[in-house]
Amino acid sequence: MPMIEIKNVGKWYGDFNVLAECTTKVEKGEVIVVCGPSGSGKSTLIKCVNGLEPFQKGEILVNGTSVGAPGTNLSKLRSHVGMVFQHFELFPHMSITENLAIGQIKVLGRSKDEAIDKGMKLLERVGLKAHAQKFPGQLSGGQQQRVAIARALAMNPICMLFDEPTSALDPEMINEVLDVMVELAKEGMTMMCVTHEMGFARKVANRVIFMDQGRIVEDANKEEFSAPHARSGRNNSWPRSSITEQHRSAKVQRPDYSGLCTL
Amino acid sequence: MLNLDFAFLTPGVVSSYIAKGFFFSLQLTVVAMLGGIMLGTILALMRLSSKSWLVIPAAAYVNTMRSIPLVMVILWFFLLIPLLTGRPLGAEMSAIITFTLFEAAYFSEIMRAGIQSIPKGQVAAGYALGMTYGQTMREIVLPQAFRNMLPVLLTQTIILFQDTSLVYAIGAYDLLKGFEIAGKNFNRPVETYLVAAAVYFIICFSLSMLVKVLQQRIAIIR
């Protein structure tokens, strides 16, 4: 059974088709990267996976549980699925320790001591133990995002969703967050990451999904998408030719997005 | 000239005429504030929900209350409740209930603005951790909304304290009433009203100073 199975998902805002016939799956222990130009529906798709966004068509199964089904206990499902947001979304009125403990205490029913203990271990792991008593506003963006990852991990998730975790960061802070993510991937965490970081994709991703206009236009494994890099000798760039060819064959009229995915 | 004489305001006079009124005004303010904020928060959550059977009654309640002068509400409630229940409620009790219900409408608008000031991502983060709607509101949204809105909530409370003088309409014994009666008994109405004004000023002004201090102390570090 795949960890995440997305079957023919469709979503509309009124007449606007945000997601169309999206089908893919993430096996246990797999890392997949979702990329594409802005407005292509990648964030929407990942938010559908833990039910933060409703969808009208198709089905999403997370560890066998249907997300969209009326009887599903979404809170319970989400407590097993870690999520990291573009803008961190740490709770500004709580200290870092409290941020890490709140979900454990309120959702998992752990004792305060247990939760703080677990939180401190994770803080140490992301290299922020010294900041435990601070408030989110006192940390840099990169540090906040590492805390956000630790907060998600504190729930012992079975898989992790990353929604553009480095897009709101200053360039010099991106790597500290990516390092944590790479480490996590190497430990065997199942991850679905919306990101433009092709270096990250090349390092740890099993597959890369390319989305455009609400559709999954390419779902390639690591070898396929990384091969052209070697040929062109270029780093951190999306293999443009293969994508554009795919689009031509799909006869999709679309703007030139090639610059968007070149880092 | 006015020929003012404050000599009659001895501690004995203050404690027998004014203290009782002051404590009632204070009680009315505190109960109406706490009750109003609680009820107002529920009304605000109802208005912000996606279900029309919650939105419509809450909106109707808030808009009605905000469109009627407080004196009329005080008077109506005082006169109508005995007709409905068959026995009088008493001016003090009636005032406390009326003020709570009335202020809830104003506090609900303040809390609604406060809740809307919290980014949607915060709610998503709460949900993503597996929290329920209630937990997300209680632990994440409302504490932040409350902090953001604290100055406005306290300013509304200061207005509420001033408005407690409106219970004269149903003859409840509040701070102003205490001064009024003392003034009549000693035939010194000008002096008592002057002192009353000074007392209201001192209380309200020090409360607004307190707002500033509190605001700095519980502000969210950003």
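Given the structure is predicted, the values throughout are model-derived calculations rather than measurements.

Caption draft 1: A look at the overall build of chain B. Helix and strand counts for chain B come out as eight helices and zero strands. Put simply, chain B runs from its N terminus to its C terminus through helices and strands in the order α-α-α-α-α-α-α-α. Across its three principal axes, chain B shows a C-alpha extent of roughly 70 × 50 × 25 Å. Accessible area for chain B stands at about 11500 Å²; split by element, carbon and sulfur atoms hold 69% of it. Each charge class in chain B was averaged separately, 15 positive and 9 negative side chains, and the resulting centres sit 13 Å apart.

Caption draft 2: Layout of the sheet that holds strand β4 (residues 57–62) of chain A. All names here are of chain A. Here we have four strands laid out as an open sheet, ordered β2-β1-β4-β5, and antiparallel in their pairing. The sheet terminates laterally at β2 (16–26) and β5 (65–66), the two strands that pair on one side only. Two elements, strand β1 (residues 4–13) and β2, share seven bridges in a ladder whose sense is antiparallel. In the strand pairing of β2, W12 is matched with N17. Sitting on the sheet, helix α1 (residues 42–49) touches β1, β2 and β4, and the angle it makes with β1 is about 120°.

Caption draft 3: Up close: helix α5 (residues 141–153) of chain A. The terminal C-alpha atoms of α5(A), which comprises 13 residues, lie 18 Å apart, in line with the 18 Å expected from a rise of 1.5 Å per residue. Burial of α5(A) is extensive: 13 of the 13 residues sit out of reach of the surface.

Caption draft 4: Summary view of the environment of L45(A). By secondary structure assignment, the location of L45(A) is in helix α1. The sequence separation of L45(A) and I116(A) amounts to 71 residues, and the corresponding C-alpha distance is 33 Å.

What counts and what doesn't
Sequence order sets the numbering: in each chain, residues are counted from 1 along the sequence as written. Chains and ligands are labelled sequentially in the order written, the chains with letters from A and the ligands with numbers from 1. Side-chain atom pairs in this predicted model are given and counted only at pLDDT of 80 or more, local residue features only at pLDDT of at least 70, and totals for whole chains, interfaces and linings cover all residues. Hydrogen atoms and water are omitted, and side-chain values are computed over all heavy atoms in the structure. A run of H or I in DSSP counts as a helix once it spans at least four residues, and a run of E counts as a strand once it spans at least two, with each numbered from the N terminus. Per-residue accessibility takes into account occlusion by the displayed protein chains alone, with areas from the Shrake-Rupley method and a 1.4 Å probe. Neither His nor the chain termini are counted; the positive set is Lys and Arg, and the negative set is Asp and Glu. Charged side chains are reduced to one point each, which is NZ for Lys, CZ for Arg, CG for Asp and CD for Glu. We treat two strands as partners when DSSP finds at least two bridges between them. When checking whether two residues touch, look at their non-hydrogen atoms; a contact exists if any pair is within 4.5 Å. Axes here refer to lines fitted to C-alpha atoms; in helices the fit is confined to the stretch in contact. Angles between the N-to-C directions go from 0 to 180 degrees. One fewer than the residue count of a helix, multiplied by 1.5 Å, yields its expected span. For each residue, the accessible area found with a 1.4 Å probe, counting protein chains only, is set against the maximum for its type, and the residue is called buried under 20%, exposed over 50%, and partly exposed in between.

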